[in-house]
Amino acid sequence: MGQSGPRPDYLSSVVLVPVPVADEDPSERPWAGSVLAAADLTWKIPDPYPDLPVTVREDRPGAYGIVTDVDGRPANYLVAHGDELSTVAERFAITPAQLLWMNPYLDPLNDDWLLERNTLNIDPARR
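Quick caveat, the model's predicted, so the values are computed rather than measured. (Residues numbered from 1 in each chain as written. Predicted model: local features only at pLDDT ≥ 70, side-chain atom pairs only at ≥ 80, totals over all residues. Heavy atoms only, no water.)

Enquirer: Summarise the environment of aspartate 107; cite the residues concerned and give the values.
Expert: Along the polypeptide, aspartate 107 turns up in the loop between helix H2 (96–102) and strand S5 (119–121). Residue classification places aspartate 107 among the exposed positions, given a relative accessible area of 61%. Measuring from C-alpha to C-alpha, the distance between aspartate 107 and serine 86 comes to 13 Å, with 21 residues separating the pair along the chain. (Helix = DSSP H or I, 4+ residues; strand = E, 2+ residues; numbered from the N terminus. Buried < 20%, exposed > 50% of the residue type's maximum accessible area, 1.4 Å probe, protein only.)

Okay, structure coming up:
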């Protein structure tokens, strides 16, 4: 089973596949390893940041990446070499938790370093 974290609302579907058991006669559970069910997920979790303002500030050490706009609004951030989660969040006047919320698949290295050339979402409406 995969890890979805404390706020799994970015997951949009689920698939049920039973795992074969070691030393088990395959004829006892011939369906093991097969897809048994698939469904779309609908979440009713309140938005923790309903009016999250993102302000683009000047680049700085630890946050030298490139900001791109979509329809005139800041939307993406291209991570530069040496960027750190906390400093990038500070550049956009948000907390690291808010940046992680907008990027649920983001996995910082050693708790703060970001992988160079990753693209981060910085538009809460596009989460």
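Moving on, there is more to tell.
Enquirer: So what's going on with the sheet that holds strand S4 (residues 73–78)? Residues and values would help.
Expert: Here we have 3 strands laid out as an open sheet, ordered S3-S4-S5, and antiparallel in their pairing. With one partner strand each, in any of the chains shown, strand S3 (66–70) and S5 form the two edges of the open sheet. Strand-to-strand twist across the sheet, computed as the mean angle between neighbouring axes with direction ignored, equals 35°. (Pairing = 2+ DSSP bridges. Axes fitted to C-alpha atoms, helices over the stretch in contact; angles between N-to-C directions.)

Enquirer: Please give an account of the packing of aromatic side chains that cites residues and values.
Expert: A full pass over the atoms with the stated rule returns 2 aromatic pairs. For the ring pair tyrosine 49 and tryptophan 101, a centre distance of 5.4 Å and an interplane angle of 70° mean the geometry is edge-to-face. In this pair, tyrosine 49 sits in the loop between strand S2 (37–40) and S3 while tryptophan 101 sits in helix H2, placing the two residues 52 residues apart along the sequence. (Phe/Tyr/Trp six-rings, centres within 6.5 Å; stacked < 30°, edge-to-face > 60°.)

Enquirer: Provide a residue-level description of the side chain of arginine 91, including the pertinent values.
Expert: Tracing the backbone through its elements, the reader meets arginine 91 in helix H1 (residues 85–91). Among the polar contacts listed, one links the side chain of arginine 91 to the backbone oxygen of glycine 65, at a separation of 2.9 Å. Not counting chain neighbours up to four residues away, the residues in contact with arginine 91 comprise Thr55, Val56, Arg57, Glu58, Asp59, Arg60, Ala63, Tyr64, Gly65, Val67 and Tyr77. (Polar contact = N/O pair within 3.5 Å; in protein donor to acceptor, adjacent residues only side chain to side chain. Contact = heavy atoms within 4.5 Å.)

Enquirer: Tell me what's going on with the side chain of asparagine 121, and back it up with residues and numbers.
Expert: When you line up the elements, asparagine 121 lands in strand S5. According to the relative accessible area criterion, asparagine 121 is buried, its value standing at 8%. Of note is the side chain of asparagine 121, whose polar atom sits 3.1 Å from the side chain of arginine 126.

Enquirer: Describe the environment of glutamate 116, and please don't skip the residues or the numbers.
Expert: Turning to its location among the elements, glutamate 116 is positioned in the loop between H2 and S5. Classification of glutamate 116 as partly exposed rests on a relative accessible area of 38%. As a C-alpha pair, glutamate 116 and serine 86 span 30 residues in sequence and 15 Å in three-dimensional space. Once residues within four sequence positions are removed from consideration, glutamate 116 is found in contact with Val79, Ala80 and His81.

Enquirer: Could you give an account of the nonpolar core, with specific residues and numbers?
Expert: Counting residues in hydrophobic clusters, the biggest one holds 16 residues, and the most contacted among them are Tyr77, Val88, Ile94, Leu99, Leu114 and Leu120. Those elements that provide at least two residues to this core are H1 and H2. In contact with leucine 114, other than residues within four places in its own chain, are Val79, Asp83, Glu84, Leu85, Val88, Leu106, Pro108 and Leu120. (Core = buried A, V, L, I, M, F, W, Y, C linked by side-chain atoms within 4.5 Å.)

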